[in-house]
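Summary of the model geometry
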Amino acid sequence: MIPEAIEPRRALIGEYVLGLLEEPEASEVRALIARDREAARMALEWEQHLLELADELPAQSPSLVLWDRVQQSLGWAPAAQANAAEGVAGWWNSLGLWRLTSGALALLVLLSWLPGVLRDAPSGDSFTAVLQVPGESAKPGWVVTVDGDGTLKLQSLVADAIPADRSVQFWTLVDPKDGPRSLGLIEPGKGVTLNAEQIGAVQAGQLFELTLEPQGGSPLDRPTGPVLYIGRAVLIASN
Amino acid sequence: MADSEFDYEGTLEACARGDKGAFQRLYQREAGQLLGLAITLLGRRDQAEDCLHDALVKVWHNADRFDRSLGQGRAWIYSILRYRALNQLRSRGRLVDTDDGFIEQMADDSAQAEDIASDQSEGRELRRCLRQLERPRRHPILLAFYRGLTHEQIASRLTTPLGTIKGRIRAGLRALQECLQA
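Predicted model only: the values in this text are computed from it and were never measured.

**As for the overall build of chain A**
Assigned secondary structure in chain A consists of 8 helices and 9 strands. Taking all contacts inside chain A whose residues are at least 6 apart in sequence as the whole, residues at least 24 apart take part in 64%.

**A word on the interface of chain B and chain A**
Counting residues at the interface gives 43 residues for chain B, matched by 42 residues for chain A. When contributions to the side of chain B that touches chain A are tallied by element, the ones reaching two or more residues are helix 2 (20-42), helix 3 (45-62), helix 4 (73-92), helix 7 (125-132), helix 8 (135-147) and helix 10 (162-181) of chain B. Broken down by element, the residue count for the side of chain B that touches chain A peaks at 11 residues, all from helix 2 of chain B. By residue class, the composition of the side of chain B that touches chain A is 22 nonpolar, 13 polar and 8 charged.

**Here we look at helix 3 (residues 37-54) of chain A**
Compared with an ideal rise of 1.5 Å per residue, which puts 18 residues at 26 Å, helix 3 of chain A spans 25 Å between its outermost C-alpha atoms and is within 8% of the ideal. Of all the positions in helix 3 of chain A, only Ala39(A), Met42(A), Ala43(A), Leu44(A), Glu45(A), Trp46(A), Glu47(A), Gln48(A), His49(A), Leu50(A), Leu51(A) and Ala54(A) are classed as buried.

**A few points about helix 10 of chain B**
In this model, helix 10 of chain B (20 residues) spans 28 Å end to end at C-alpha, consistent with the 28 Å of a helix rising 1.5 Å per residue. Three or more residues of helix 10 of chain B are buried, namely Ile165(B), Arg168(B), Ile169(B), Gly172(B), Leu173(B), Leu176(B) and Gln177(B). Seen along its axis, helix 10 of chain B keeps its buried residues to an arc of 165°; they face one direction. Of the exposed residues in helix 10 of chain B, the ones pointing more than 90 degrees away from its buried face are Gly163(B), Gly167(B) and Gln181(B). Taken together, the buried residues of helix 10 of chain B touch helix 1 (6-17) of chain A together with helix 7, helix 8 and helix 9 (151-157) of chain B.

**A word on the confidence of the model for chain A**
Residue and element names in this part refer to chain A. In this model, chain A carries an average pLDDT of 78, and 80% of its residues clear a pLDDT of 70 or more. The least confident element of chain A is helix 5 (residues 79-84), whose mean pLDDT is 42; the most confident is helix 3, at 95. The low-confidence segment residues 79-123, where pLDDT is below 50, has 86 contacts with residues more than four positions distant or belonging to other chains.

**Some thoughts on the environment of Leu235(A)**
As for its placement among the helices and strands, Leu235(A) is situated in strand 9 (residues 234-237). Between the C-alpha atom of Leu235(A) and that of Gly205(A), which follows or precedes it by 30 residues, the distance is 8.4 Å.

**A few points about the packing of helix 3 of chain A against helix 7 of chain B**
Remark: helix 3 of chain A packs on helix 7 of chain B, axes separated minimally by 8 Å, with the N-to-C direction vectors making an angle of 80°. Considering their axes alone, helix 3 of chain A and helix 7 of chain B lie roughly perpendicular with respect to each other. Where helix 3 of chain A abuts helix 7 of chain B, its residues His49(A), Leu50(A), Glu52(A) and Leu53(A) lie against Glu125(B), Leu126(B) and Arg127(B). For the contact of helix 3 of chain A with helix 7 of chain B, the class distribution of residues is 3 nonpolar, 1 polar and 3 charged.

Reading guide: rules and limits
- Residues numbered from 1 in each chain as written.
- Chains lettered and ligands numbered in written order.
- Predicted model: local features only at pLDDT ≥ 70, side-chain atom pairs only at ≥ 80, totals over all residues.
- Helix = DSSP H or I, 4+ residues; strand = E, 2+ residues; numbered from the N terminus.
- Contact = placed C-beta atoms within 7 Å.
- Nonpolar A, V, L, I, M, F, W, Y, C, P; charged D, E, K, R; others polar.
- Expected span 1.5 Å × (residues − 1).
- Buried ≥ 20, exposed ≤ 12 C-beta atoms within 10 Å, placed from the backbone.
- Arc of directions from axis to C-beta.
- pLDDT = per-residue confidence, 0-100.
- Axes fitted to C-alpha atoms, helices over the stretch in contact; angles between N-to-C directions.
- Parallel < 35°, antiparallel > 145°, perpendicular 65-115°, else oblique.

Shown next, in the form of structure tokens:
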């Protein structure tokens, strides 16, 4: 029995929205919401208020394959690509998610925020960045080291198989306002050394990332493919 | 957090027109928060990701049914996720065996004058109104929202008779709506 009076009806719809009603009452309210605009409005109004409780929870980064799964289910992504590709393009624009990717990454972020650590690096400082699978702590894949004379070494800890029609591209981001800068393509599993001119001055907190791109690299001046590994530079020695 | 700059209604309407870019922006904007809620409800990340996947597919397919004259787009999206999560919980028939510490904490969180003022200024109407409820009414509502528990499950978790729990929740919701409408 659904009450006719507005207030008891609104409360009953609240119970339905919270998932508290059992059959057959739940079905009755569901049918009411489907046919009665005022009831539908009340249900969405409860849902809107309850968003405050949802927003009390910390966000969690979805695993990298989720976006591909969704695209596959919608028939947008060819299966082969979906198997190889992981994650979502445009992570550069989603700094909020980066901060949540893992405890280790969070620690690096924290370190980079400490006063005195986040500053322009005078020559002579050395840095390291552990690049991890986004959202997965304890899955380091690559290590970046920048020595005192500014030479950057990217070393692989993993041997990932990359599809023949794809390339892995190395990027860095100093300031989100300036956008990412490509540091070139890399061979999976193989390291690379770049000199100080190619890298520019490195700062604590600077982001490095590897993304999966079309063969030959991203057609744009920013990553278009999923992030494979990501990490921030931490100052390890100041000379 | 809701992003007041983000146009959820316009984005859903764009999805209804088949705009994949709009859907991707919505994913980037909201997937993390949706997953946070799904993990809290389901207690397991793999099941939460399945739930989020199903909900997102549904959001795309049903975007043309969203009607901004009925309410806000973000609420509509969360209603789809919560509905799926609740169905998953019911079909599984098991309780999430997790630490309810944060729920206890929120249940203990009674109204202080300064909290009410700050809630009001930040537009946190529900928090303000929940704080004004007595704990026995507030706690079961939080367990229903965060754990998706049924009346019976709440009664057993709080070792309180079923009829008492039903009455408290109903009275709690009535008081909440009065406070929210005020």
